[in-house]
Amino acid sequence: MERETLTALIENGYADEAGLAAEVACSDGVKYLCVNGEVVTLAAGNPPTKVFSDSIDKLENLTVKSGLFKKRVCFTHNGENYDLAVKSGKNVVEYFKLIG
């Protein structure tokens, strides 16, 4: 993820100073999965705008798939299923493993 994108995510409050954010690929393009405390945000675009932002406990059916070549975070939020391929976001994958 580009440094300016991470800075924009932090400035918008989607990620905290720890920079817990990752670029993710989903069926409708590239987005950003961010964590700020107990709040998870999915953002898209440049500059990034919020797709949704909610408490971590509102995510249902959370699974993390972490293989040698692929890392995926899958969950349901408000009835919509998300299957996100994480690009170089090891810290985000580890976070979701801890809470999943």
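Parameters at a glance
- Every chain is numbered independently, its residues counted from 1 as its sequence is written.
- Per-residue local features are limited, in this predicted model, to residues with pLDDT of at least 70; the limit for side-chain atom pairs, both in listing and counting, is 80 or more; totals at the level of whole chains, interfaces and linings are taken over all residues.
- Side-chain descriptors were evaluated using all non-hydrogen atoms of the structure, hydrogens and water having been removed beforehand.
- Here a helix means four or more residues in a row that DSSP labels H or I, a strand means two or more in a row labelled E, and each is numbered from the N terminus.
- For the radius of gyration, the atom set is restricted to C-alpha positions; the globular benchmark scales as 2.2 Å times the number of residues to the power 0.38.
- Only protein chains enter the calculation, and the probe is 1.4 Å; a residue is then buried if its accessible area is under 20% of its type maximum, exposed if over 50%, and partly exposed in between.
- When DSSP finds at least two bridges between two strands, those strands are taken to pair.
- In this analysis, axes come from line fits to C-alpha atoms, helices being fitted only over the stretch in contact, and the angle between any two N-to-C directions falls in the range 0 to 180 degrees.
- Think of the arc as the fan of directions from the helix axis to the C-beta atoms.
- Residue contacts follow a heavy-atom distance rule, with two residues in contact if any of their heavy atoms lie within 4.5 Å.
- Salt bridge, as used here, is a side-chain nitrogen of Lys or Arg placed within 4 Å of a carboxyl oxygen of Asp or Glu.
- Side-chain atoms within 4.5 Å link the members of a nonpolar core, which is a set of buried Ala, Val, Leu, Ile, Met, Phe, Trp, Tyr and Cys residues.

Some points on the overall build of the protein chain
Item 1. Secondary structure assignment for the protein chain yields two helices and seven strands.
Item 2. Its helices and strands taken in sequence order, the protein chain reads α-β-β-β-β-β-β-β-α from the N to the C terminus.
Item 3. Relative to the compact-globule value of 13 Å for 100 residues, the protein chain shows a C-alpha radius of gyration of 12 Å, a close match.
Item 4. In terms of principal-axis extent, the alpha carbons of the protein chain reach across some 30 × 30 × 25 Å.
Item 5. The buried share of the protein chain, reckoned over its 100 residues, is 42%.

Concerning the sheet that holds strand β7 (residues 80-87)
Item 1. Strand order across the open sheet formed by seven strands is β4-β3-β2-β1-β7-β6-β5, with antiparallel pairing between neighbours. Two strands bound the open sheet, and with one partner strand each, they are β4 (49-55) and β5 (60-66). Going from strand to strand, the sheet's axes swing by 25° on average, the running direction of each strand aside.
Item 2. In the sheet, β5 pairs with strand β6 (residues 71-77) via five bridges, with the strands oriented antiparallel.

Description of helix α2 (residues 90-99)
Item 1. Looking only at α2, the buried set comprises V92, V93, Y95 and F96. Viewed end-on, α2 has its buried residues packed into an arc of 160°, placing them on one side of the element. Exposed residues lying more than 90 degrees from the buried face of α2 are K90 and L98.
Item 2. If you follow the buried residues of α2, they end up packed against β1 (21-26), β2 (29-36), β3 (39-44), β5, β6 and β7.

Looking at the pattern of salt bridges
Item 1. Within the structure shown, the criterion is met by four salt bridges.
Item 2. Here E23 makes a salt bridge to K87, at a shortest N to O gap of 3.7 Å. In this pair, E23 is assigned in strand β1 and K87 in strand β7, connecting sequence segments 64 residues apart.
Item 3. Note on K87: relative accessible area 38%, which makes it partly exposed.

Focus on the nonpolar core
Item 1. Among the nonpolar cores identified, the biggest contains 20 residues, and L33, V40, L42, L59, F75, L84 and F96 are the most heavily contacted of them.
Item 2. Counting residues per element, the ones that place at least two in this core are β1, β2, β3, β6, β7 and α2.
Item 3. It is α2 that provides the largest number of residues to this core, a total of four residues.
Item 4. Ignoring any residue separated from it by four or fewer positions in sequence, one finds F96 in contact with L33, V35, V40, I56, L59, L62, V64 and V73.
Item 5. Core analysis: the second largest hydrophobic core is formed by nine residues, L9, I10, A15 and A21 among them.

Observations regarding the side chain of T5
Item 1. As for its position among the elements, T5 is in helix α1 (residues 3-11).
Item 2. The contact partners of T5, leaving out residues within four places of it in the chain, are Y32 and P48.

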